[in-house]
Every structure is written in C-alpha cells, then in structure tokens.
Amino acid sequence: MFRYYLKLGLLSLRRNPILSGLMVVAIATGIGACMTIVNIDYVMSGNPIPHRSELLYYVQLDNWDPNEAARGVNDPPPQVTYIDGTALIAAKNARRQVLSYPTTRIIQPEEDGQLPFLVDSRSTTADFFPMFDTPFLYGSGWDSTADDNHEYAVVINKEINERLFAGQDSVGRLILMNGDRYRISGVLDTWEPTPKFYDVNNRAFGKAEEVYFPFSVSIDKELTSEGNTNCWKAPAGNGFESFLTSECVWMQLWVELHNAGERQEYMAFLDAYVESQKLLGRFPRPVNNRLNDVMDWMQHEEVVEDDVQVLLGLAVLFLVVCLLNTIGLLLAKIMRRSGDISLRRALGASRKAIFSQYIVEAGIIGLAGGVLGIAMTWLGLQGIRGLYGDFDFITRLVTMDWVMIFVAIGLAILSALGAALYPTWRACGIQPASQLSTL
Amino acid sequence: MLTMQNVSMVYRTESVETHALRDFSLEVDEGEFVSVTGPSGSGKTTFLNIAGLLEEFTSGTYKLDGKDTNSLGDTERSRLRNEKIGFIFQSFNLIPELDIFDNVDVPLRYRGFNAAERKRRIDHVIDMVGLGSRKKHLPSQLSGGQQQRVAIARALAGEPRFLLADEPTGNLDSEMAESVMQLLEDINSKGTTIIMVTHEPNLAARAKRNIFVRDGRISTGEPELQVAVGG
Amino acid sequence: MELGPIWRALIRNKSSYILIALQIAATMALMVNAVSIIQERTRMMSRSSGTDEANIFQIYSMSFDPAQDYQAMVAADLDAIRGFPGVANAVVTNSLPLRQGGWSQDLKTEPGTDNEGSGVAIYFVDEHGVDTFGLNLVAGRNFEVTDVSWFDPDAGPRWPGLVIITEAMATELFPDARPADTVGKTAYIDNDIPVTIIGVLEKMQAPWKDWAGVERSMLVPMKRGDGFARYVIRAEPGYRDELIPQIEQMLAERDTGRVVDGAATMTEIRANAYLEDSAMIKLLVFIVSLLTAITSLGIVGLASFSVARRTKQIGTRRALGAPKAAILRYFMLENFLISSVGVVSGAVIAVGLNMWMVQRFNLTPISWYIIPVAMIALWLVGQCAVYGPARRASLVSPAIATRSV
C-alpha cells in the first residue's frame, strides 16, 4: 500500500512541478537559514573542554570601589590583581591553579635571512598545560620549579615549530625572544578551544596564543597585559613596582577542584583570605567572592554575541514563515482535490487510507526540503564565512559537526511533519460524496 | 428580440475542425417561450453560449434587441449579459462561499445599483421564489430544487429581457422539476422571453415553440421522435 | 464597494487564507525588526570619527633590543617621518578612534573619591596631534612644544596640567556651560590631580564604537617612550597608499632592533571596527529579501490554486455580467483584504517582538514610521504577486459556466 501512496504522491507532485518545487525550496530555505544560525550559536555556546569543564573554576574577588560595583549591580571585576593572584597561587589550596595573562613577544630567528616577528604569547604558571589538558606534539609543559626559579622555559605551538624548526622535534632547543634565550620544553599540537574559555575578557573567540612562557619571567621583564587592564584607583606611583601593588585587575586565575566539598573549602579559604586583606585596609566592599565552573563562566560572560541571538530569533521566525507558506500551499492543493478525495472516500477509502496517502505526499515534500535544507545550511555557512572575510574566529564557527547534521535532519523531519499534518488532517475531514454534487 | 442569421461556429484544433453550428438562423420574438432540443453534441449548448453572449461565433450575424453583437467588445458584451439576459444553469452555479442573499446580489453588484436598490430587488425576487426565510443560508444547506430557485431569483433580480435556461431541471427530481417549470411559465406569462435548452420532450412540449437542433442546424423533422432516438 | 461579499466569502473558507495572512504577519514582524536593526547599524556606521579618515594611517614599531634609548628613537623616528616627502604630519600616540582598544579614565569636576566621574577616552599626543588627526579645534588653543612632556616611570608628574577635550566631554562635565566656555576650567583625574582645559575640539571619537560615551575624548600632551611606539601619520591627499610601504621600510632600516608592523589605514580600521555591523546589515537585507520573495511566491501559489479551484465560479460571474476588470479587481481586493489582516497583525507582532528585543538586547526601539512603510510595502508585494493569477482569472471564458462538471 505504501508504494501505491508513494506513486500517487509523486504523480501529484509531478502534476504541479513548479508549485511542488516552491514548497520544497520554501522548507529548505527555512531550514537552511535556521540551521546556519543555530550552528553558529551552537559552536559559540559549545563546551570548549567537555571532559574537565566541571572541575575548572574561575576565581573572582571583589577588590573594587566601595561606591560602585565593578560591573552590573554587584558583580566583582572579571580579573584579579597581581597581589591577589600571586598570593592565592602561592597558597596552593586547590589541586591545581593557574595564573596567566596575554602578552606579545618578538621572536628573533637565529637562522640567516629570517626576520624577527611578533607572536601572541601568554605568560602563565606551569599548571596551565595539565589543567587545560593541552595536546602536545613533542615534550610537555615546564615543571613548576621552573616558575619558582624564574627559568627561561617556553612552550611553542605547532605553527611556530613549523616556522622555526621545520616541524622537527625541537624540545630542548633554544629560541631567542626579545633578546633572551628560552629553552623549549614542549610543542603544542593544534589546540583552538572555542570559545577561548581561559581568557574570555580578551576576545572570547580569538586564537589561542602561539607561545607560552613562565609568569615569573614575564614579571621580571616588567610586561603588562596585552588585554584589558582595569583600575578603580590609580597606582601609587609611575613605575612597574607600584603597578604590581595596585588595585588594577589584569590577570586570570583558574583553580581545579574535584567535588562540592573541595569547592566549599576553597570558597571558605577565599573568604578568609579577603577578610585577612581587609585588615590591611584593602577590599572596601563586602566579601563577594565567586567561583564559576567553565560553562557557568561562559554563561555569565555572555560569550554568545547578541547579534547571533537576534539572528537566531529572526531565523526561527523565518522558518515559521517558510512552514506557513508550505502548509498554505499544501492545504490549497488538497482542498482543490477535495472532489478526488470524496470520490475515493465514496469508493471505500477509509479515513486512515486518505491520511496515509496525503501524509506520504506531504512527507516527500518535507523530506526533499530537509535534504535540500542541509545543503542550504552548508551554503549559508559558506556565505557567512564570505561575509566576515578572513576574520579568523568566524572561520572556526562555520564548521558543521555530526551533532548539527543530526539536528538539521531532525528539524527537517519535524518541519515536514508540521507542514504536512494540518493539510492531511483537513483532507481526512472531507466527507464521502459531499463534493460530488456541487461545484 | 433575438435574430440569428447564418451563424456558424467552428472549433479548430490542430487536426480536427468541428462544426458546432452551421448556418444557424433563428428569430425569437418578445414574450416567446422557446424550447431547444436535440441529441447531445447537436450544438444546443453552443447555440446557448452564443445566444447568451458567452462565446463568439465564426461567421454570420446575431442581433440582440436590434443590436448587432458582432462588433461588441468584452466590456459591452458583459454589460449586455448583465442587463438583458438572465441565466439558469443545469448545475445551478451558485457560489458556494456566498449565502443566498449574496448570491442573488452578484449580478446586481456588476450592474452598479446602490445598496438600497439592490436590497429591494433581492428581497423581492427571493420572496418571489418562496425562499424569503433562507436568505442567510449557504447553497449547501438547501435542496437542489431550492438551489435552482435561488439561481432563478438571481437571473430575475436584474429584470432581464430574456432568460436563457440550460437544462434547468436536469439535476432535479420530477417534483422539483415541475415546480421550477411552473415558475418559468409564470415568469414568461409576465412578459419575459425564455429560451430553454432541454433534452426532455415533455418539458419541451410545454414551451410555446419547439426548435430541434441536429448537427448544428435547425432540423425540420419530427422533433419528439428525433429526441426519443437521440436521447 | 465589493468588500462585503469578498470578506464574507473569505471567512467561510478561512484556513488557507489565515495561513497566508499569518505568513504575511510574520514576514512583516521580521521585516520591521530587521529594518530597524539595519537603520540602527547604518546610523552607527555613518558617524564621523572627527578625523581626516581618508589620509590617516598607523604603523607601529616594537623593539626587542633592551639597550635602546627609546625616547631618542621615537624623537628621531618622528623627525624622519615628518620630513618624508608626501607626509603632512605625524604623531606618536596610544590609540586611534575605532581601534577598539585604548585608555579611558574618569574625569571629575570636584576632587575626591566620593563623587561621580565621567569616563573619557585618553589620547597621548604632542603639539602635532590636532593637525595630524585633522581635528577641528573650536575654542581655546592647541598644545605648544613646551606643554609636552615625556612620560617618566620613575619621576616627574603623572599627568601634565593641560588637556584638550571634545565638545561632548565639555557638555558632559559642565552641562550648563557652552562647550567653548569650558576653556580655562579645571577637572580632576585620578580623583584629585587637577588638569586645566585649554582647548575644545568639535569632535573626536573614542576608540570603542559601542561605548555609550563614544564622543567623549581627551588629548593629553605627553609622549611615551618605551619599546612600543604607535605612529599615526597623515599623508598629503593622494599619497597615503604609496607612503605606507615606504615608511615601513624606512623605519625598519633606521633601526634593526625592532619589528615594524601593524600598518593600517583609517579606512581599514573603520571597516574592521564595523565588520560585524556591516555583515549584520548584509545578512538582514538578504534575509528580508529572501523572505519577501518566499512570501510573494506563496501568494502567487495560493492565488493560482484559488483561481483554479474557482474557475467555474469565475465563468458564472462572467456569464452574469462581470467584465474582465471586475474579475481582476475581485482577486486583487481579496488579496488586499488578506494582506490587511496580515499587516495589521504583523504590526502587533512586530511591536511585541521589538519590545522583547529592546529589553533583551538593548536594541533601539523601532521608529514608528517603519510600520506604515512596511505595511504599504507588503500590500504592494501582495498586489504584485496576485496580479498574475488574477489576470489569468480574468481570462476565464464565460462559456465555462454552461460546461457540465
């Protein structure tokens, strides 16, 4: 019977090829537009480190202006001061802790003919690599003793290794950066967490840094942050020393805690720390410390751009219009064939039979629309990429993974059924022979 | 009233020429009740279409109320249909989405009467066909006989000079057919010219004049007999 | 005129018409909000930065030789750039309008920590700053050579005592005074360090395009001599593009202990700053056009079905005396009614959607006139879309009426 309905459906679709085409294209366009934006939203709000995201906590302390919160109603500043960051790292009260900030360095290749070039770098403590589970091509991160001893250690990424050492294992070799030689402890494999969760203050969808070196060395070199620095109170003097002891926030502190108990203990430790600082005349605001795990922090920082959410809303509306379009056309088509339907009913077709016949016809349209819709999604993503040019983060947003392909197929099927059900239901309601005598 | 002289109608397709009417000549006077009979395919409907200005013909002349229709454009023909001719169709041709009142209203709208005039006329003709209590009903809520009465009311509302009826009782049972025929006779007695196409000899017999069409011409043979054969 | 019966016929056969009306309503809601966003972004993008954008570019130099005397290097670089043929003027500074990164601080009218300040974007320049950026000084005076100092991390004052501010900042600080009259007044930075306003600029945008205080900027007569120097250069008209590689090469050759990079014209900086906005505009225009196309094709399809379904009825109307024009008008009017239901409900949905978006995303509320304009546009789209099927309907022969089913 199904094959009979399939034949009838195809026959009916072939009778109005333009209209059938229009219905398919309408569904496909709706799904394409919707899925393009859903996909971008999905990548933007994705979990950049799924297996560890619940163990990693971002630390916020409220050292801000007594008269005014750093952000919003009572949100602590999004970064920490040098004093607090280094004190909390030194206390080692979490399983792991990492303090880092973005910098820029110049690599001076010692091969003949290669010119010095700028690299995005990150000044960080040693736990960065095991905590964020960075993939290594060669070697590993440096040991925490290197932090303590202010050693000139460095981790470079795959591209830099390619550029300087033609992709060979360069562990143990030296590179010259801003006049100093650093020993390579490891070479990172391709690693682009999206969003760049460990530092969303400075371009949440920026590229991961190319070079990593010890925080202690960076401070020795008097390097300030390439990212945001916010102060509610001017440093006491002009020099780097007074900047370090100021209330300016400019670095990110992450800690690793494995369960609710550890989290609670660490929170108590933070509160106690702030209380002790209050005795020294700092922290004029009430105690207001925060610990957010990765996904909560992404949520809190609203890394998904407003534009994308606005577009998402509009794209959903777009899909609705496309579906209404198809429902309307299918309905009109079925109503026009009510004579045919009532004749079939008079000839003994049950309501169920009519339902099956038309749901198959509508299903064909929906399915074709869905398949074409997935193709349109791909086109849409290419279009977005073209629109934003070589703006690197967008390029990484326009990939489609299996999850999204399944979501697209699901949405296509749902849309098709949604579009098919009402007209089919109306077809079932046509009485046998009611149409035979009138126009 | 209506004069056709040597009217011919030829339908051409790529391979076939069909002569629906050949040198058809007919004169109908004011107040006549003429029936047109003939076997199916004889040209009855073509004659009706041409008489009703629904279709143009290939050659000959057709004067309606003294006016030569050959030279008229669509707008003028539409106006003539609207003002001078009332149509009654075999399958009533009521508009299913409109109620009785609005159905009768259709030709009056095109006539351009004001609302009060239209209402007066609609009420008058609906009462005349005895459906005064059904004005807000939809066609699907009426019986076949009632629907045809609505169609007659619609045809009469514009006070046409003549009525063209195409198998007016073809879709009705005999009792309803009889009441429709009585209504037509009644209308004719008040002076409206009627041309009725039918294939039923006993209905045709009630007209004052019978015309028998065969192969696109008026036949001079025995109409009753021919009809019985052509069925 | 015929609206009554057309409307009554419509509501007896409502489901497909409701669908098309809903479709028009949703199209309208989307169109109105998209146009509103497009307007907002276009307005943003059309704001002037206050600078001579066509002729300005930046280049920066980053030294890796720790032994370098940076002050001497910057001073020599500036002399070399200013003397370069085709260069109108040049300055060493920290940022540019639209660069999306810079320095801002609070400025107060009374000293002390307890009173509120107003954020202002700070550009560190020397006496060439006003001319290099191509700014319009409307009151007071420019800095003189003697006003400009080098930032010294170890000694000297943190802030020079003189500043030039924009009119917007002047009004922000002294709402009751005319901007030109703020020359000579004192404001406080870092809570209690006094600075005297010596000049007022007509306009100079802050580096952050999305900042509410984007028109509030301040020039401070100070040069920073450290490893990183950002040079802003104004070319003589027509020389900009050829100057960039020449200056790059000249700077690189003058001192090999550095990387010269970051060359970008103001035009590029602007395009980069508004990349997402212009992409958003293009996307929305595309979505709205596509949607309008789909909706009008839907109207064509539905009207075609409706004409086909009612062929006999049309023939009957023709037989009863309807001229072709009346049939055409019938379908046009029918579409007008459906569209009217659509655009009126669309207006309601559009406003509702906008209110939600305004609250959720801080968008600008729609301007009232977009609604009637969109209504008329969709009415027209509907009428154009239905014209084809309606014309086909008017060509139905009246002889259809006598044809048996």
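Attention in this report is confined to the structure presented alongside it.

What to know about the overall build of chain A
Working step 1: Across its full length, chain A holds 15 helices and ten strands.
Working step 2: Its C-alpha atoms give chain A a radius of gyration of 31 Å, more than 25% over the compact-globule value 22 Å for 439 residues.
Working step 3: For the C-alpha atoms alone, the extent of chain A along its principal axes is close to 95 × 60 × 35 Å.
Working step 4: Per-residue burial over chain A gives 56% buried out of 439 residues.
Working step 5: Here the analysis covers contacts within chain A between residues at least 6 apart in sequence; of these, 75% occur between residues at least 24 apart.
Working step 6: Of the roughly 18500 Å² that chain A leaves accessible, carbon and sulfur atoms contribute 56%.

Focus on the packing of aromatic side chains
Working step 1: Within the structure shown, the criterion is met by 38 aromatic pairs over all chains.
Working step 2: Measuring from centroid to centroid gives 5.8 Å for F197(A) and W254(A), while their planes differ by 80°, and the two rings are edge-to-face. Of this pair, F197(A) sits in the loop between β7 (180-188) and β8 (211-214) while W254(A) sits in strand β9 (residues 252-256), placing them 57 residues apart in sequence. We note that F197(A), like W254(A), is buried.
Working step 3: Among the aromatic side chains, those forming a connected cluster through ring pairs are Y58(A), F128(A), F129(A), F132(A), F136(A), W142(A), W191(A), F197(A), Y198(A), Y212(A), W254(A) and W297(A).
Working step 4: The aromatic ring of F101(B) is capped on one face by K136(B), whose charged end is 5.2 Å from the ring centroid.

Description of the state of the cysteines
Residues and elements named next belong to chain A.
Working step 1: Under the defined criterion, the tally for this structure stands at one disulfide over all chains.
Working step 2: Between C231 and C248 runs a disulfide, and the two sulfur atoms are separated by 2.2 Å. Between C231 and C248, the S-S torsion sits near 110°, and that sign places the bridge as right-handed. With C231 in the loop between α7 (215-220) and α8 (240-244) and C248 in the loop between α8 and β9, the pair connects residues that are 17 residues apart, well separated along the chain.

Observations regarding the side chain of N188(B)
All names here are of chain B.
Working step 1: Within the secondary structure, N188 is located in helix α6 (residues 174-189).
Working step 2: A polar atom in the side chain of N188 sits 3.2 Å from the backbone oxygen of E32.
Working step 3: Among the polar contacts listed, one links the side chain of N188 to the backbone oxygen of T192, at a separation of 2.9 Å.
Working step 4: If we skip the residues at most four places from it in the chain, N188 touches G31, E32, F33, T193, I194 and K208.

Things to note about a nonpolar patch on the surface
Residue and element names in this part refer to chain A.
Working step 1: The grouping of F355, L367, W402, F406, I409, I413, L417 and L421 at the surface amounts to a nonpolar patch, some 810 Å² of accessible area in total.
Working step 2: Breaking the nonpolar patch down by element, the ones donating at least two residues are α13 (351-388) and α15 (402-428).
Working step 3: Of the residues forming the nonpolar patch, the biggest block, six residues, is contributed by α15.
Working step 4: Following the sequence through the fold, W402 ends up in helix α15.

Re the interface of chain A and chain C
Working step 1: Counting from both sides, the interface comprises 48 residues of chain A and, opposite them, 53 residues of chain C.
Working step 2: A per-residue breakdown of the area chain A buries against chain C is headed by N238(A), L314(A) and L387(A), which together make up 14% of the total.
Working step 3: For D307(A), the salt bridge is made with R41(C), and the minimal N-O distance between the two is 2.7 Å.
Working step 4: Applying the counting criterion to the chain A and chain C interface returns three residue pairs in polar contact (both at pLDDT 80 or more).

Quick notes on the side chain of S218(A)
All names here are of chain A.
Working step 1: Mapped onto the elements, S218 comes out in helix α7.
Working step 2: A polar contact of 2.8 Å, which involves the side chain of S218, links it to the side chain of S123.
Working step 3: Not counting residues within four places of it along the chain, the set of residues in contact with S218 comprises Y101, T103, S123, F213 and L223.

Examining the sheet that holds strand β5 (residues 67-68) of chain B
All names here are of chain B.
Working step 1: One open sheet holds the four strands; their spatial order is β2-β1-β4-β5, and the pairing between them is antiparallel. The open sheet has two edge strands, β2 (17-28) and β5, and neither has a second partner.
Working step 2: Pairing geometry for strand β4 (residues 59-64) and β5, over two bridges, is antiparallel. Considered in β5, the bridge of K63 is made with D68.
Working step 3: In this fold helix α1 (residues 44-51) packs onto β1 (2-12), β2 and β4, with an angle of close to 120° to the strand it touches most, β1.

Some points on helix α10 (residues 324-361) of chain C
Working step 1: With 38 residues, α10(C) should cover 56 Å at 1.5 Å per step; its first-to-last C-alpha distance of 52 Å lies within 8% of that length.
Working step 2: N362(C) lies just past α10(C) and shows a positive phi near 55°.

A look at the nonpolar core
Working step 1: Counting 142 residues, the largest nonpolar core has F132(A), F197(A), Y198(A), Y212(A), W254(A), M28(C) and L30(C) as its most contacted members.
Working step 2: Broken down by element, the residue count for this core peaks at 18 residues, all from helix α11 (residues 306-336) of chain A.
Working step 3: Discounting residues that sit within four places of it in the chain, M28(C) has contacts with V343(C), G346(C), A347(C), A350(C), I371(C), A374(C), M375(C) and L378(C).

Here's the deal with the packing of helix α3 (residues 100-111) of chain B against helix α4 (residues 115-128) of chain B
All names here are of chain B.
Working step 1: Packing of α3 against α4 brings their axes to within 10 Å, and their N-to-C directions diverge by 125°. In this view, α3 runs oblique relative to α4, as classed from their interaxial angle. Seen from above, α3 lies across α4 with right-handed handedness. Residues I100, F101, V104, D105, L108 and R109 of α3 form the contact with α4, whose own contacting residues are R118, K119, R121, I122, D123, V125 and I126.
Working step 2: Class assignment of the residues belonging to the contact of α3 with α4 gives a composition of seven nonpolar, no polar and six charged.

Focus on the sheet that holds strand β12 (residues 258-265) of chain C
Residue and element names in this part refer to chain C.
Working step 1: A sheet is described by the order of its strands in space; here four strands give the open sequence β2-β11-β1-β12, paired in antiparallel fashion. Each edge of the sheet is formed by a strand with only one pairing partner; in this case those strands are β2 (87-93) and β12. The mean angle between the axes of side-by-side strands here comes to 20°, regardless of whether they run parallel or antiparallel.
Working step 2: Of the strand pairs in this sheet, strand β1 (residues 56-63) and strand β11 (residues 228-235) are connected by seven bridges, and their pairing is antiparallel. By the bridge assignment for β11, F57 is matched with I233.
Working step 3: Here helix α6 (residues 240-254) sits on the sheet in contact with β1, β2, β11 and β12, set at roughly 170° to β12.

Section: the pairing of β2(B)
Side-chain positions along a regular strand alternate between the two faces of the sheet.
All names here are of chain B.
Working step 1: With eight bridges joining them, β1 and β2 adopt antiparallel strand pairing. When the bridges of β2 are listed, M4 appears paired with L26.
Working step 2: Adjacent in sequence and paired antiparallel, β1 and β2 are bridged by four residues.

Criteria and thresholds
Residues numbered from 1 in each chain as written. Chains lettered and ligands numbered in written order. Predicted model: local features only at pLDDT ≥ 70, side-chain atom pairs only at ≥ 80, totals over all residues. Heavy atoms only, no water. Helix = DSSP H or I, 4+ residues; strand = E, 2+ residues; numbered from the N terminus. Rg over C-alpha atoms; globule rule 2.2 N^0.38 Å. Buried < 20%, exposed > 50% of the residue type's maximum accessible area, 1.4 Å probe, protein only. Contact = heavy atoms within 4.5 Å. Areas by Shrake-Rupley, 256 points an atom, 1.4 Å probe, with all protein chains shown as cover. Phe/Tyr/Trp six-rings, centres within 6.5 Å; stacked < 30°, edge-to-face > 60°. Lys NZ or Arg CZ within 6 Å of the ring centre and 35° of its normal. Disulfide = S-S within 2.5 Å. Polar contact = N/O pair within 3.5 Å; in protein donor to acceptor, adjacent residues only side chain to side chain. Patch = residues over 30% accessible without salt bridge, like charges linked within 9 Å, V, L, I, M, F, W, Y side chains within 5 Å. Salt bridge = Lys/Arg side-chain N within 4 Å of Asp/Glu carboxyl O. Buried area = accessible area lost by both parts, 1.4 Å probe. Pairing = 2+ DSSP bridges. Axes fitted to C-alpha atoms, helices over the stretch in contact; angles between N-to-C directions. Expected span 1.5 Å × (residues − 1). Core = buried A, V, L, I, M, F, W, Y, C linked by side-chain atoms within 4.5 Å. Parallel < 35°, antiparallel > 145°, perpendicular 65-115°, else oblique. Left-handed = near helix turned anticlockwise from the far one by under 90°. Nonpolar A, V, L, I, M, F, W, Y, C, P; charged D, E, K, R; others polar.

In short, geometric facts, not functional conclusions.
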